[in-house]
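Here is how the chains run, residue by residue.
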Amino acid sequence: MATLFVENLTVADFSYLHPKRGMVGESWLVDLELSGDLDDQGMVFDFGHIKKRIKQIIDDSVDHRLLVPVDNDQATIAERDNDTSLEWVYRGGTIRMVAPSQSLLLMPGPEVSKASLTLYLMDLIQTVVPANVAEVRVVLREEDTGTAPFYHYSHGLKKHDGNCQRIAHGHRSNIHIFENGRRSRYWEKLWADRWEDIYLGTEEDLEGTYYIDEIPHHRFRYDAEQGHFELVIPEDHCYMVDTDTTVEQLAAHIAAQLADEAPGKHFRVRAFEGVGKGAIAEAGENLPGKTHSSWLSGTAVI
């Protein structure tokens, strides 16, 4: 028996339903180990095939979806044709959703956790590995950000030509804020608290606000290439912006809000979308040698 490993095989960006927190955006790095006998090439499994088969099946099954624990009593689910309707009642209110079935992952069990998703992925991966692979091991983990603040957000991008158009997917995201050239943990913590377990909504997608059991809820609705999407979610779990919620627009929004809240200062914001990618924006009093908004990709460097 031999074992091969792949670290950082992929990043699963998704949202899931939590019994207390409601809808939670998440980003988990995926590490993989495969154990088995060597094949006629002297390998357990070709690394090239791992990227093509295993990464793809993980991305297709989990990435940019809403994960729902179907055996939890808080969930009511109905499927019709190619659409799924969902209701999730939790202490903050009620989440209702109608969306193409491909935008959700209905998981067995009472909760979505690292343990439950690990077991799901191990069974899934076992279906695409060759017969000589006897054992599959998956490790899910968050990005190590040390003591730096981060937030969980969910959103949907109806204009996106890929899976970001799904109305309820999300990310666990770091944020770096520089005030007059110096990093500010004060402002980073403020935004991490402001966007804790938040749904970021676009004003033009908001159909209205309704009361469910005397709690105000926002209702979002739009049509995209993959189909029709609707979402009802408690108002106090939403943060509204007047643009689409792309990371470029979010970085610009945060920078502009900071400039309004602290006049006379210059702010540079590095807003992440999950792990290792994001956008940069600046606002406020101009400082020499500074640039405007730009796209950031790759590992964060301070």
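Relevant structure appears above.
All values derive from a computational prediction rather than experimental measurement. (Residues numbered from 1 in each chain as written. Predicted model: local features only at pLDDT ≥ 70, side-chain atom pairs only at ≥ 80, totals over all residues. Heavy atoms only, no water.)

Report on helix α4 (residues 247–261), specifying residues and quantitative values.
Counted at 1.5 Å a residue, the expected span for α4 with its 15 residues is 21 Å, and the 21 Å between its end C-alpha atoms agrees. The set of residues buried in α4 consists of V247, L250, A251, H253, I254, A255, L258 and A259. (Helix = DSSP H or I, 4+ residues; strand = E, 2+ residues; numbered from the N terminus. Expected span 1.5 Å × (residues − 1). Buried < 20%, exposed > 50% of the residue type's maximum accessible area, 1.4 Å probe, protein only.)

Please set out the packing of aromatic side chains residue by residue, giving values where relevant.
Taken as a whole and judged by the stated rule, the model has 12 aromatic pairs. Ring plane angle 75° and centroid distance 5.3 Å describe the contact between F14 and W28, whose orientation is recorded as edge-to-face. One end of the pair, F14, is in strand β1 (residues 2–18); the other, W28, is in strand β2 (residues 22–36), with 14 residues separating them in the sequence. Of the residues examined, F14 reaches a relative accessible area of 0% and is grouped as buried. Here W28 falls in the buried class, since its relative accessible area comes to 4%. Pairing W191 with Y239 gives two aromatic rings, centres 6.2 Å apart and planes at 65°, and the pair type is edge-to-face. With W191 in helix α3 (residues 185–194) and Y239 in strand β16 (residues 238–241), this pair connects stretches of sequence that are 48 residues apart. An aromatic cluster is defined as three or more aromatic residues linked by ring pairs; in this entry it consists of Y151, Y153, W191, W195 and Y239. (Phe/Tyr/Trp six-rings, centres within 6.5 Å; stacked < 30°, edge-to-face > 60°.)

Give a detailed account of the packing of helix α1 (residues 47–61) against helix α2 (residues 114–126), specifying residues and quantitative values.
As a packed pair, α1 and α2 sit with axes 10 Å apart at the nearest point and diverge in direction by 130°. As judged from the angle between their axes, α1 and α2 are oblique. The interaxial crossing formed by α1 with α2 has right-handed handedness. Contacts between α1 and α2 involve I54, I57, I58 and S61 from the former and Y120, L121, L124 and I125 from the latter. Residues belonging to the contact of α1 with α2 are distributed by class as follows: seven nonpolar, one polar and no charged. (Axes fitted to C-alpha atoms, helices over the stretch in contact; angles between N-to-C directions. Parallel < 35°, antiparallel > 145°, perpendicular 65-115°, else oblique. Left-handed = near helix turned anticlockwise from the far one by under 90°. Contact = heavy atoms within 4.5 Å. Nonpolar A, V, L, I, M, F, W, Y, C, P; charged D, E, K, R; others polar.)

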